[in-house]
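Residue-level listing of the chains:
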Number of protein chains: 2
Amino acid sequence: MDAVKRNNVKVIGKGEKPMLFAHGYGCDQNMWRFITPAFEEDYKIVLFDHIGFGSSDISEYNKERYASLHGYAEDVLKICHELELQDVVFVGHSVSAMIGVLAATKEPERFSKLILVSPSPSFINEGDYIGGFNREDIEGLLSSLDSDYLGWSNTIAPVIMGNPDKPELGQELAQSFCSSNEEVARDFAHVTFLSDHKKDLAKVKVPTLILQCSEDAIAPLTVGEYTSKSIAGSQLVVLEATGHCPNLSAPEETIAAIKSFL
Amino acid sequence: MDAVKRNNVKVIGKGEKPMLFAHGYGCDQNMWRFITPAFEEDYKIVLFDHIGFGSSDISEYNKERYASLHGYAEDVLKICHELELQDVVFVGHSVSAMIGVLAATKEPERFSKLILVSPSPSFINEGDYIGGFNREDIEGLLSSLDSDYLGWSNTIAPVIMGNPDKPELGQELAQSFCSSNEEVARDFAHVTFLSDHKKDLAKVKVPTLILQCSEDAIAPLTVGEYTSKSIAGSQLVVLEATGHCPNLSAPEETIAAIKSFL
């Protein structure tokens, strides 16, 4: 099946240069709606949904393929091949930031720039690395997810969003988590929270921008700093925005940072 | 009616020196359950519920009395008078930190120490002061609360709690918000989020400890720093703990910081 159909790929914008947006856990391409209008004039904007999310073809879901982020990175490359995208500006949020890292490591010549929004190469503290959680914390989070997915989603999504002054955003994210296929969402949560791609960061040879929020309940500042230190020549911008989803909670600041980098 | 009854006052512990614990918005004395055991050997521990919360006598609620935090501070003093407490170590969480500031300003000789856990003298940015929110943000938060209290509680409480690895804590707080009397909770939320007690901080003459979490969705680090700068001779401890309720999410670190101060 072609990638355009299986990943519900949409192409908009008036430009030639491709800008590919990859959404984070439990979401779909709709989460970029406040960001893309600012780039429609100058870029060919490519949006898609990860398999199992949004309007992707869930029959294409395959536990083995998606048992690691490499399967998702393969999908990104498949979209690039099929649309014959070159010099891609890749914008990935949260777990999709790491998916972009893996794709750009596999085919560096395909990408001109990486923009990593709230990335985390690993959520788990290890040695000097402060990911924000102990292994038992993450195991507790996943066991709570396994025992009550809807309850977990309604509790966690607003925490991930932060920004208590805009409760509608946390509710939107909870709604998005809850409407995901439960089996796929569970698997993806396990891959998201247990993957460790710290060692892959050094392999990135593409100019990279890292956008880190100043207060993020799941990716502390130390994570943005580590990511930036590990990708040679990358640029770290610490946003005034708080929470984990500046693309939704602080689109203007996010757009300005991306434009300034491009 | 006596304060012991109206505020559901409980006295525990084997010591003589009184340690009075005041709970934050939408909670009750139960939120201190991980902290008090560490002080039971050496202190007389006094716990209570604010009027309208926990097992307080809700018939004592009075819109005029509780239209500002001064009404709540009067209750704290009434408890001290009735139990004849002297040299009180006052421990207040969140909005109750400011209630303690007001009580200690009114009767400084009554208190030996103030311990302010996640305090905020004002949530609203003003001039150089960074409270974390614009006025419109707070107005939006309160209008969302007014239109759907249960929905608001379920969304906001986990954000306030943070600590996504322990979703049961966010759920407990949401449950506590939801089980509060709605009218009282709305009024108290308005008072909590709109009060400005920045100018009262300088009036505090009691040795004060400020416990600030390193990532708090409603009280950023700037707020702890401002509070500390404004209370002469106070001590600021920035906890490794994240979220707004270290008494629930990081009791050991909270106890250690309090013990070291005492």
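Definitions and cut-offs
- Residues numbered from 1 in each chain as written.
- Chains lettered and ligands numbered in written order.
- Predicted model: local features only at pLDDT ≥ 70, side-chain atom pairs only at ≥ 80, totals over all residues.
- Heavy atoms only, no water.
- Helix = DSSP H or I, 4+ residues; strand = E, 2+ residues; numbered from the N terminus.
- Rg over C-alpha atoms; globule rule 2.2 N^0.38 Å.
- Contact = heavy atoms within 4.5 Å.
- Lys, Arg positive; Asp, Glu negative; His and termini not counted.
- Charge placed at Lys NZ, Arg CZ, Asp CG, Glu CD.
- Buried area = accessible area lost by both parts, 1.4 Å probe.
- Salt bridge = Lys/Arg side-chain N within 4 Å of Asp/Glu carboxyl O.
- Polar contact = N/O pair within 3.5 Å; in protein donor to acceptor, adjacent residues only side chain to side chain.
- Buried < 20%, exposed > 50% of the residue type's maximum accessible area, 1.4 Å probe, protein only.
- Axes fitted to C-alpha atoms, helices over the stretch in contact; angles between N-to-C directions.
- Parallel < 35°, antiparallel > 145°, perpendicular 65-115°, else oblique.
- Nonpolar A, V, L, I, M, F, W, Y, C, P; charged D, E, K, R; others polar.
- Least-squares fit on C-alpha atoms with pLDDT ≥ 70 in both.
- Phe/Tyr/Trp six-rings, centres within 6.5 Å; stacked < 30°, edge-to-face > 60°.
- Lys NZ or Arg CZ within 6 Å of the ring centre and 35° of its normal.

J.: Can you help me understand the overall build of chain A in this one?
T.: A tally of helices and strands in chain A yields ten helices and seven strands. Since a compact globule built from 262 residues should have a radius of gyration of about 18 Å, the 17 Å found for chain A is in line with a globular shape. The principal-axis extent of the C-alpha atoms belonging to chain A is close to 45 × 40 × 35 Å. Partitioning the contacts of chain A with sequence separation of at least 6, the portion at a separation of at least 24 is 77%. Averaging the locations of the 22 positively and 38 negatively charged side chains of chain A gives two centres separated by 6 Å.

J.: For this particular structure, what's the right way to read the interface of chain A and chain B?
T.: Bring the parts together and some accessible area is lost; that lost area is often taken as the interface size. Taken together, the 24 residues of chain A in the interface contact 24 residues of chain B. Considering only the side of chain A, the residues that lose the most area to chain B are A:Pro164, A:Asp165 and A:Glu215, jointly responsible for 34% of the buried surface there. Linking chain A with chain B are zero salt bridges. Inspection of the region where chain A meets chain B yields two residue pairs in polar contact (both at pLDDT 80 or more).

J.: I'm lost on the pattern of salt bridges in this one. Help?
T.: A side chain with one charge can pair with a side chain of the opposite charge if their charged atoms come near. Residues and elements named next belong to chain B. A complete count under the given rule lists 28 salt bridges over all chains for this structure. Between Lys166 and Asp165 there is a salt bridge whose closest N-O contact spans 3.9 Å. According to the relative accessible area criterion, Asp165 is buried, its value standing at 8%. One salt bridge connects Asp200 with Lys203, and the closest N-O pair in it is separated by 2.8 Å. With a relative accessible area of 44%, Lys203 lands in the partly exposed category.

J.: Looking at this structure, how should I read the packing of helix H4 (residues 135-147) of chain B against helix H7 (residues 182-194) of chain B?
T.: What describes two packed helices is the angle between their axes and the distance between those same axes. Residues and elements named next belong to chain B. Running from N to C, H4 and H7 point in directions that differ by 175 degrees, and their axes come no closer than 11 Å. Taken together, the axes of H4 and H7 are roughly antiparallel relative to one another. Residues Arg135, Ile138, Leu141, Leu142, Leu145 and Asp146 of H4 pack against Arg186, Ala189, His190, Phe193 and Leu194 of H7. Tallied by class, the residues present in the contact of H4 with H7 amount to seven nonpolar, one polar and three charged.

J.: Would you mind going over the relation of the copies chain A and chain B with me for this structure?
T.: Superposing chain A onto chain B takes a rotation of 180 degrees plus a shift of 0.0 Å along the axis, which leaves an RMSD of 0.0 Å. Taken together, the rotation and translation relating the two chain copies correspond to the operation of a two-fold axis. Nearest to the rotation axis, the C-alpha of A:Val159 is located 2.1 Å from it, this being the minimum over chain A.

J.: Which parts of the structure should I look at to understand the packing of aromatic side chains?
T.: The geometry of an aromatic ring pair is captured by the separation of the ring centres together with the interplanar angle, meaning the angle of the planes. Applying the stated criterion across every chain yields a total of 30 aromatic pairs over all chains. On the numbers, 4.6 Å between centres and 45 degrees between planes, the contact of A:Tyr66 with A:Tyr72 is tilted. The exposure class of A:Tyr66 is buried, given its relative accessible area of 1%. When the ring of A:Phe90 is compared with that of A:Phe111, the centres are 6.2 Å apart and the planes differ by 85 degrees; the resulting orientation is edge-to-face. Of this pair, A:Phe90 sits in strand E4 (residues 88-93) while A:Phe111 is found in strand E5 (residues 111-117), placing the two residues 21 residues apart along the sequence. No difference in accessibility class separates A:Phe90 from A:Phe111, as the two residues are buried. Taken together, the ring pairs connect A:Tyr25, A:Phe53, A:Tyr61, A:Tyr66, A:Tyr72, A:Tyr149, A:Trp152, A:Phe177 and A:Phe188 into an aromatic cluster. Stacked on the ring of B:Phe39, the Lys or Arg B:Lys259 has its end atom at 5.5 Å from the ring centre.

These values are about where atoms sit, not about what they do.
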